[in-house]
Amino acid sequence: MNQLTLERPSAAAADAVRRRPRLGFLGVGWIGRHRMEAIAADGAAEVAALCDPEEQAFESALRNAPRAARAASFDALLEQPLDGIVIATPSALHAGQAEAALARGMAVFCQKPLGCTAIECRRVVSAARAADRLLAVDLSYRQTAAMRCIRRAVAAGEIGEVYAVDLVFHNAYGPDKPWFRDPQRSGGGCVIDLGIHLVDLALWTLGFPRVHQVESRLWAGGRALAPRPEVVEDHALAQLDMDGGAVARLACSWNLHAGRDAVIEASFHGTRGGVRLCNCGGSFYDFRAERFKGTRSILLAEPPDDWGGRAPVAWARRLAAGSGFDPEVERVVDVAAVLDAIYGR
Ligand SMILES: NC(=O)c1ccc[n+]([C@@H]2O[C@H](COP(=O)([O-])OP(=O)(O)OC[C@H]3O[C@@H](n4cnc5c(N)ncnc54)[C@H](O)[C@@H]3O)[C@@H](O)[C@H]2O)c1
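None of the values given here were measured: they were computed from a predicted structure.

### Some thoughts on the packing of aromatic side chains
Applying the stated criterion across every chain, the model contains eight aromatic pairs. When the centroid spacing of 3.8 Å and the interplanar angle of 20 degrees are considered together, the rings of tryptophan 179 and phenylalanine 180 count as stacked. Phenylalanine 180 sits in the buried class, given a relative accessible area of 15%. One aromatic cluster is present, built from ring pairs that chain together Tyr141, Phe169, Phe287 and Trp307. In this arrangement the basic side chain of arginine 345 is found over the ring face of tyrosine 343, its NZ or CZ atom lying 4.1 Å from the centre.

Rendered as structure tokens:
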């Protein structure tokens, strides 16, 4: 006869289950669903509620979170007893939604950009600080093993003093949803979509030096844009002059004739060597890091590396451990200020 022994959970384990943060997911389209699945698979937090007006997006998220409640609107989501929300809606909605959730005492994990301008980002960060709630932003490329190696090498002085940085992000597919090309919903084009990652990677790697001068040029459909255009840019070049003398050159675009899906690179040139992140075979997901010394090259990191869910999982785990406001998030305001300068805002 089979005997089934049921063990009573220890008081500590029961307490841990009770304290698993309850999360709401606002926007479960492409990236929202991916981040939700990463958090669900990790198990540090509970997928308690979903909100998305698109039936198909909601239904396919629900398949991986069958016990989650459906909130019919953002206001209804805010009425739920939640510890935090994960925002992955069209970009221009983020700041207002994050502020509203923080005002309700919820922690927030937000897709980039946190806001369309530095002023918007600062407002959200201030709200998180005032409420003492954990706020994090998905600047996801920081999480790649390749970028972590590069940052470590630069911080350890392995390439000497960095004086030049080359940054490239071309998405030859271009965004596939209409809202990306509507400035009211996107807050901008390829700069706020892709350039934000490049600016963040440069500043994060160099320890956030002050950017004291920015020059830029923006295009749409091959035509140069005048300041404050009505349309979003699909190609951008910029040069950032940083305190300490380093200069970063940035190029990003949608729908460039690149001959592959994507070109993603970040090269740091120093007095004693260089390091470079580059995507493998046009991939959006696979990266290699190399260190250069003269004509020699050493491989620092290569695929496979499952990095996409690292930032949301880290946030969920910290929330479960009781973390409140982390001042590190203030750096998103510095990044947003550089984007403002690129846009001439
Ligand atoms: N961190 C990264 O590397 C990364 C990568 C891709 C996308 N993103 C960001 O994620 C966000 C979403 O991008 P996506 O490609 O998943 O877009 P998407 O269009 O696939 O998903 C957005 C979802 O939000 C829903 N939505 C719209 N308005 C809403 C509202 N008021 N309340 C709730 N849901 C609403 C839509 O129905 C849709 O399902 C963007 O801000 C984008 O910049 C970040």
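### Some remarks on the site of the ligand
Among the 25 residues in the neighbourhood of the ligand, the closest are listed as Asp52, Ser91, Gln111, Asp138 and Ser140. The contact in question runs from an oxygen atom of the ligand to an N or O atom on the side chain of lysine 112, over 3.0 Å. A distance of 3.5 Å separates an oxygen atom of the ligand from a polar atom in the side chain of histidine 197. Calculation on the ligand without its partners gives an accessible area of 850 Å², and the protein chains cover 87% of this total. Those elements that provide at least two residues to the shell around the ligand are helix H2 (30–42) and helix H5 (94–103). The leading source of residues in the shell around the ligand is H2, at three residues.

### A few points about the sheet that holds strand S2 (residues 46–51)
The parallel open sheet is built from six strands, whose spatial order is S3-S2-S1-S4-S5-S6. Of all strands in the sheet, those with a lone pairing partner are strand S3 (69–70) and strand S6 (135–138), marking the two edges. Inspection of the sheet shows strand S1 (residues 22–26) paired to strand S4 (residues 84–87) by four bridges, in the parallel sense. Across the sheet, the residue bridging to phenylalanine 25 is valine 86, located in S4.

### Some points on the pairing of S4
Side chains of S4 alternate between two faces, with Gly84 and Val86 and Ile85 and Ile87 buried alike. Direction of pairing for S4 relative to strand S5 (residues 107–111): parallel, over a ladder of four bridges. Counted as the bridge partner of glycine 84 is alanine 107 from S5.

Calculation rules
Residues numbered from 1 in each chain as written. Predicted model: local features only at pLDDT ≥ 70, side-chain atom pairs only at ≥ 80, totals over all residues. Heavy atoms only, no water. Phe/Tyr/Trp six-rings, centres within 6.5 Å; stacked < 30°, edge-to-face > 60°. Buried < 20%, exposed > 50% of the residue type's maximum accessible area, 1.4 Å probe, protein only. Lys NZ or Arg CZ within 6 Å of the ring centre and 35° of its normal. Near = heavy atom within 4 Å. Polar contact = N/O pair within 3.5 Å; in protein donor to acceptor, adjacent residues only side chain to side chain. Areas by Shrake-Rupley, 256 points an atom, 1.4 Å probe, with all protein chains shown as cover. Helix = DSSP H or I, 4+ residues; strand = E, 2+ residues; numbered from the N terminus. Pairing = 2+ DSSP bridges.

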